[in-house]
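Each chain is listed here by its residues.
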2 protein chains.
Amino acid sequence: MDKLQIAQINKYNVFRCLVREGPINRAAIAKLTDLSIPTVMSIVDDLFEKEVVRSIGKGESSGGKPPEMLEIVPERFCYIGVDIGRTTIRVVANNIISQQIACLQEPTGDPFPEKIFAERLCKLVLQIVKQLQAKKECVLGVGVAMPGLIENETGNVIFSPDFGWDNIPLRAWLQGRLPYPIIVENANRALALNESYIPGEEDHTHTTFSVNLGYGIGAGLVIGEDLYTGSSGTSGEIGHITVAKEGPVCKCGNIGCLEAVASGAAIAIEAQRIIREGIPSKIAEFCGGDPDKIDAKLVFRAADTGDETALEIINIAAEYIGIGLSMAINVLDPDRVVLCGGLMKNGPLFFNMIKTSLKKHQMRQVGRRLTISTETKGEYSTANGACRVLANTLWWRRALPI
Amino acid sequence: MDKLQIAQINKYNVFRCLVREGPINRAAIAKLTDLSIPTVMSIVDDLFEKEVVRSIGKGESSGGKPPEMLEIVPERFCYIGVDIGRTTIRVVANNIISQQIACLQEPTGDPFPEKIFAERLCKLVLQIVKQLQAKKECVLGVGVAMPGLIENETGNVIFSPDFGWDNIPLRAWLQGRLPYPIIVENANRALALNESYIPGEEDHTHTTFSVNLGYGIGAGLVIGEDLYTGSSGTSGEIGHITVAKEGPVCKCGNIGCLEAVASGAAIAIEAQRIIREGIPSKIAEFCGGDPDKIDAKLVFRAADTGDETALEIINIAAEYIGIGLSMAINVLDPDRVVLCGGLMKNGPLFFNMIKTSLKKHQMRQVGRRLTISTETKGEYSTANGACRVLANTLWWRRALPI
């Protein structure tokens, strides 16, 4: 490494230390970053000059004179995150220490023509920037989370079944209308990155496998602090593994995919089929006899009353989800599995059914350090994840204005 | 980073550059490692003193005086690799530039009592060291590849179904009798690491998923140059994903595992069952009417003659393998899938059946950069992989005597 590279790495490490550990004094930074105190002093001076760091007064003395405590100026920079969901678009602004400082949402509506839709996204981004009264140079960039297959290098949406989009140059379109760096990432992966984050555990080498169980099913793998993307940007498609060889046709065109037998859509379709056959059930009562009104939520509501038909439908879905998860656990041996998405918002019953299936299908003694939990980070988790994807990318590219 | 850390990183980088690119001159090393020529000169001097590097005379001039060409002294250090297979134990010695310089093998025989078996392994290691006439300080360590669940930190064999071993402190036993660092790794992962290696592609960030299709089924994931191990050292257990919910019981205790329907053992069992039912087939002819003599190899031989029963048996196995692989491809999106192991040594027919199944089950547009190939690195590939596991570990621990 040459001097310039080392100086840059050292500066980034001091910056990260301030972000994570601040308020903190210079000696403590030196200790945590393995740098000499003069080096830390000179980097901190530079960060002062750029108004990235500020003093918050004296800390406690450990014998000598009390040290000056430093922290990142949180409002100095912000990240914008956009979550393009099939029903709702959510936009957040996070400050440099990952606190959400603004948010907005609106119904997604018609995603065609795609270019007009992209223009709407740009307007929402500009709206949140305006709301923040942030200067252009304070906005570090925009992370966009989009369902579907994304080509990471170009930010093209190769294929989004949820949106019916094919080969849409989303990043290029946004980049043409916004004066900030733009990153496009798969929504399940952005969510995974946010859900993998545990404060105080930043430097871990842990692996988190996060599964989004909703209308569709997708996943993301996070190794340490980084998303695993795969070779062509299409990793995490656990919804399309074959779990029922002779099962129903999936909207991807294959047969017996996990998504075709265990997603919110699959649960609704199965319930509609059964009710059309005239089988008596609370489901029929709740939908007022109109099978078209049945969605997964309604089936869960019926199951909560103890309705056997509903219980059987969700139990079959849970068993298949357990098969899919056990596959990921056998192959990846992650530290954590986080179950996210709409299906998990129906109380502990479904979660327990999944755990029962997992116990049946997971190889014994595999995944001995595994903990399984459900998502806890709320409706803006994917948008916050988009901010994290952006932050990581700028970090690795050494493209922060520090 | 402090000066000492930087100096060590620089030294390791020069060393790696010499290993990979040698013979090479100092200016070229400086260019490739981003170091100044004086820094490279001083590191090279140090390596000369330790007899790690040598001059092989003058290279071609690019204008000025012809530069001195340097290379690693290949015989200066060696790695020992041990492959504990269920039928054969193989031991290799590789020099520092990963060339195999010695090998030996013997039948595995009875693996009990485990401690006596471990003593046999030590004798084989000492035998190959003697064969090499290597001094103790030239042997950098011993990498051991063992089928089963391995705890990486301790080198304990948690569970090995192939060997019937439970909680065996293999590394501790070997370490007590051998004066070298010992690393124990799962055999499928060691094989994966060796099979992922493509000369000239060392610095890639590619991902390789290597599957060992033999008597059992296991896999390893290599990201860049490193094995993905997972949180508890049990990753890669693709043999125990559920692919046939209502299928046969697997020796792991679960139902319908890939290994229970598609391994060499499963193919043999299925053929034995059919022949016992009296169905006419070349298989019955080849086994001389004794179903106990049927192994997977025999079924493949019958399939090669066009025997329909045999063809159907292996086609069912291939379909399940395709389902398992498509799962891994959907989730991991690797650059390469390498199919290894005994089942792949039966000609292109089986490989083509697997590819047909994959086409049916893999999600469209996923894995767009994927290439699928079969193993090419021969019977010592796992033992060579054990050397690579060791080399990587010593590298990351900065524990090479340079």
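Residues numbered from 1 in each chain as written. Chains lettered and ligands numbered in written order. Predicted model: local features only at pLDDT ≥ 70, side-chain atom pairs only at ≥ 80, totals over all residues. Heavy atoms only, no water.

1. Structural notes on the relation of the copies chain B and chain A
Turning to step 1, where the next piece is worked out: Between chain B and chain A, which share one sequence, the superposing operator has a rotation angle of 180° and an axial displacement of 0.0 Å; the RMSD is 0.0 Å. What the rotation and shift describe, once combined, is the action of a two-fold rotation axis. The C-alpha atom lying nearest the rotation axis in chain B is that of Val243 of chain B; the distance is 3.2 Å.
Turning to step 2, where the next piece is worked out: A symmetric contact is evident, with 98% of the interface residues of chain B recurring at the interface of chain A. (Least-squares fit on C-alpha atoms with pLDDT ≥ 70 in both. Contact = heavy atoms within 4.5 Å.)

2. A few points about the packing of aromatic side chains
Residue and element names in this part refer to chain A.
Turning to step 1, where the next piece is worked out: Applying the stated criterion across every chain, the model contains 10 aromatic pairs over all chains.
Turning to step 2, where the next piece is worked out: On the basis of an interplanar angle of 85° and a centroid distance of 4.9 Å, the ring pair of Phe300 and Phe350 is categorised as edge-to-face. Taken together, the residues span a long stretch of sequence, with Phe300 in helix α10 (residues 296-304) and Phe350 in helix α12 (residues 348-361) at a distance of 50 residues.
Turning to step 3, where the next piece is worked out: The exposure class assigned to Phe300 is buried, which follows from its relative accessible area of 3%.
Turning to step 4, where the next piece is worked out: Classification of Phe350 as buried rests on a relative accessible area of 1%. (Phe/Tyr/Trp six-rings, centres within 6.5 Å; stacked < 30°, edge-to-face > 60°. Helix = DSSP H or I, 4+ residues; strand = E, 2+ residues; numbered from the N terminus. Buried < 20%, exposed > 50% of the residue type's maximum accessible area, 1.4 Å probe, protein only.)

3. Focus: empty space enclosed by the protein
Turning to step 1, where the next piece is worked out: Per the counting criterion, the structure on display carries 3 cavities of 30 Å³ or more.
Turning to step 2, where the next piece is worked out: By volume, the largest cavity is sized at about 60 Å³.
Turning to step 3, where the next piece is worked out: Lining of the largest cavity is provided by Ile241, Thr242, Val243, Ile323, Gly324 and Met327 of chain A together with Ile241, Thr242, Val243, Ile323 and Met327 of chain B.
Turning to step 4, where the next piece is worked out: At 3 residues, helix α11 (residues 308-332) of chain A tops the list of elements feeding residues into the lining of the largest cavity. (1 Å grid on protein atoms, 1.4 Å probe; cavity = no way out; pocket = protein on both sides within 12 Å on 5 of 7 lines; lining within 4 Å. Points joined across faces, edges and corners; volume = space filled by probe spheres on them.)

4. A closer look at the pattern of salt bridges
Turning to step 1, where the next piece is worked out: A complete count under the given rule lists 43 salt bridges over all chains for this structure.
Turning to step 2, where the next piece is worked out: In this structure, Glu106 of chain A and Arg120 of chain A form a salt bridge, with 2.7 Å as the shortest nitrogen-oxygen distance. A residue pair is termed long-range when its members are at least 10 positions apart, and Glu106 of chain A in strand β5 (residues 100-107) and Arg120 of chain A in helix α4 (residues 114-132) qualify at 14 residues.
Turning to step 3, where the next piece is worked out: With its nearest N and O atoms 4.0 Å apart, the salt bridge here joins Glu375 of chain B to Lys345 of chain B. One end of the pair, Glu375 of chain B, is in the loop between β15 (371-374) and α13 (381-396); the other, Lys345 of chain B, is in the loop between β14 (336-340) and α12 (348-361), with 30 residues separating them in the sequence.
Turning to step 4, where the next piece is worked out: Each of the salt bridges in this network shares a partner with another, and the network as a whole consists of Lys245 and Glu246 of chain A together with Glu319 and Lys360 of chain B. (Salt bridge = Lys/Arg side-chain N within 4 Å of Asp/Glu carboxyl O.)

5. Quick look at the sheet that holds strand β7 (residues 149-151) of chain B
All names here are of chain B.
Turning to step 1, where the next piece is worked out: In space, the 3 strands of this open sheet follow the order β7-β8-β9, with antiparallel pairing throughout. Edge strands, defined here as strands with exactly one partner in the open sheet, are β7 and β9 (165-168). Going across the sheet, the axis of each strand differs from the next one's by a mean of 20°, ignoring polarity.
Turning to step 2, where the next piece is worked out: Note that strand β8 (residues 156-160) and β9 share 3 bridges and pair antiparallel. Looking across to β9, one finds that Ser160 is bridged to Trp165. (Pairing = 2+ DSSP bridges. Axes fitted to C-alpha atoms, helices over the stretch in contact; angles between N-to-C directions.)

6. A word on the pairing of strand β4 (residues 88-95) of chain B
Looking along a regular strand, one sees the side chains alternate between the two faces of the sheet.
All names here are of chain B.
Turning to step 1, where the next piece is worked out: Across the 8 residues of β4, 8 count as buried, placing the element largely inside the fold.
Turning to step 2, where the next piece is worked out: Residues Thr88, Arg90, Val92 and Asn94 point to one face of β4 and Ile89, Val91, Ala93 and Asn95 to the other, with burial holding for every one of them.
Turning to step 3, where the next piece is worked out: Strand direction decides the pairing type here: strand β3 (residues 78-84) and β4, joined by 7 bridges, are antiparallel. Considered in β4, the bridge of Cys78 is made with Asn95.

7. Concerning the interface of chain B and chain A
Turning to step 1, where the next piece is worked out: Across the contact, 58 residues belong to chain B and 57 residues belong to chain A.
Turning to step 2, where the next piece is worked out: A combined buried area of about 4,900 Å² lies between chain B and chain A, and 52% of that area is made up of carbon and sulfur atoms.
Turning to step 3, where the next piece is worked out: Where Glu319 of chain A meets Lys245 of chain B, a salt bridge forms, and the shortest distance between an N and an O atom there is 3.9 Å.
Turning to step 4, where the next piece is worked out: At the junction of chain B with chain A, the criterion picks out 37 residue pairs in polar contact (both at pLDDT 80 or more).
Turning to step 5, where the next piece is worked out: Contributing elements (two or more residues each) for the side of chain B that touches chain A: α1 (3-21), β7, β8, β11 (207-213), β12 (217-223), α11 (308-332) and α12 of chain B.
Turning to step 6, where the next piece is worked out: Sorting elements by how many residues they give to the side of chain B that touches chain A places α11 of chain B first, with 8 residues. (Buried area = accessible area lost by both parts, 1.4 Å probe. Polar contact = N/O pair within 3.5 Å; in protein donor to acceptor, adjacent residues only side chain to side chain.)

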